[in-house]
Amino acid sequence: MSTETQSPNIERVGVVGCGQMGAGIAEVCARAGMDVMVHEIDADSAERGRTRLLGSFDKAVARSKMTEEERDETISRLTFTTDLADMADRRMVIEAVIEDEKLKTDVFTTLDNVQVLVGVVLIAWASRPIAFCIGDALSNSQVINAGTINPGANAGGVLWQCLLQSICSG
Ligand SMILES: NC(=O)c1ccc[n+]([C@@H]2O[C@H](COP(=O)([O-])OP(=O)(O)OC[C@H]3O[C@@H](n4cnc5c(N)ncnc54)[C@H](O)[C@@H]3O)[C@@H](O)[C@H]2O)c1
């Protein structure tokens, strides 16, 4: 087992899908100081995701939850792409696309080929066996199902911070 596998030291993360869950997770990661690459299906969807994220940061500034400098610094850690191959330098990718088994499997199979070390799949509670099928189909990646933690709800943001901390510390 390589040193990297024992201690992933994850600083660069990817988020696939920037809807309700993906945008919230990208925000938690960027605010935790990570370099975050967000993937969307096309340029229009990526722009919608970016607008959603910027709106959330502006709200945080308006509520004095962060300063303008912190907002700008956090935004500078976010990049957007429509090409999954750009995730090749990420060591953890969180999948947050629509609830479609084939799409989720395709996303992870592509990511597995670029050797992403740890993947987090978001599966609604009722579909949770899908996570095991996806995990079984991969050879290089480890998959965790975290679909029940919504970063925008109640303590969800804090739970995501704990999850990321625990993954990142190996
Ligand atoms: N919203 C919740 O409260 C919640 C709770 C638990 C689990 N989940 C699970 O989380 C996942 C995401 O849910 P959501 O509510 O964020 O959905 P959403 O519809 O808000 O967002 C999904 C995003 O995926 C994008 N997308 C679609 N195809 C894509 C592709 N090929 N590549 C990249 N992006 C693509 C869409 O453009 C959209 O922005 C689902 O599996 C859902 O079941 C959601």
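Considering the overall build of the protein chain
No. 1: When you go through the protein chain residue by residue, the secondary structure sums to 7 helices and 6 strands.
No. 2: When the helices and strands of the protein chain are placed in sequence order, the string is α-β-α-β-α-α-β-β-α-β-α-β-α.
No. 3: Put simply, the protein chain has 170 residues, and 35% of those count as buried.
No. 4: Long-range contacts, defined as pairs at least 24 residues apart, comprise 68% of the intrachain contacts of the protein chain with a sequence gap of at least 6.

Considering the pairing of strand β1 (residues 12–16)
No. 1: Along β1, 4 of the 5 residues are buried, which leaves the element largely enclosed by surrounding structure.
No. 2: Across 5 bridges, β1 lies against strand β2 (residues 35–39) in parallel orientation. Bridged to Arg-12 within β2 is Asp-35.
No. 3: Between the parallel pair β1 and β2, the chain is carried across by helix α2 (residues 20–31), and the sense of this crossover is right-handed.
No. 4: As paired strands, β1 and strand β4 (residues 92–95) are joined by 4 bridges and run parallel to one another. Paired with Val-16 across the two strands is Glu-95, which belongs to β4.

Some thoughts on the sheet that holds β1
No. 1: Read across the sheet, 6 strands follow the order β3-β2-β1-β4-β5-β6 without closing on themselves; strand pairing throughout is parallel. The sheet is open, and its two edges are formed by β3 (78–81) and β6 (142–145), each paired on a single side. On average, each strand axis in the sheet is inclined to that of its neighbour by 20°, with strand direction left out of account.
No. 2: Those strands touched by α2 are β1, β2, β3 and β4, and its axis lies near 165° from that of β2.

A few points about unusual backbone geometry
No. 1: The phi torsion at Ser-64 lies on the positive side, around 60°, for a residue other than glycine.
No. 2: Tracing the backbone shows Ser-64 in the loop between α3 (43–62) and α4 (68–75).

Concerning the confidence of the model for the protein chain
No. 1: Mean pLDDT for the protein chain: 84, with 88% of residues reaching 70 or above.
No. 2: Of all helices and strands in the protein chain, the one with the weakest mean pLDDT is helix α1 (residues 3–6) (40), whereas β3 scores best (98).
No. 3: The low-confidence segment residues 1–7, where pLDDT is below 50, has 4 contacts with residues more than four positions distant or belonging to other chains.

Looking at the nonpolar core
Nonpolar side chains in soluble globular proteins tend to be buried together.
No. 1: One finds Val-15, Ile-25, Ala-26, Cys-29 and Val-36 to be the most contacted residues of the largest nonpolar core, which totals 40 residues.
No. 2: Per-element accounting of this core gives the leading share, 7 residues, to α2.
No. 3: Beyond its immediate stretch of four places on either side in the chain, Val-15 contacts Gly-22, Ile-25, Ala-26, Val-36, Val-38, Ile-94 and Ala-96.

Conventions adopted
- Residues numbered from 1 in each chain as written.
- Predicted model: local features only at pLDDT ≥ 70, side-chain atom pairs only at ≥ 80, totals over all residues.
- Helix = DSSP H or I, 4+ residues; strand = E, 2+ residues; numbered from the N terminus.
- Buried ≥ 20, exposed ≤ 12 C-beta atoms within 10 Å, placed from the backbone.
- Contact = placed C-beta atoms within 7 Å.
- Pairing = 2+ DSSP bridges.
- Right-handed = clockwise from strand over helix to strand, strands pointing away.
- Axes fitted to C-alpha atoms, helices over the stretch in contact; angles between N-to-C directions.
- pLDDT = per-residue confidence, 0-100.
- Core = buried A, V, L, I, M, F, W, Y, C linked by C-beta atoms within 7 Å.

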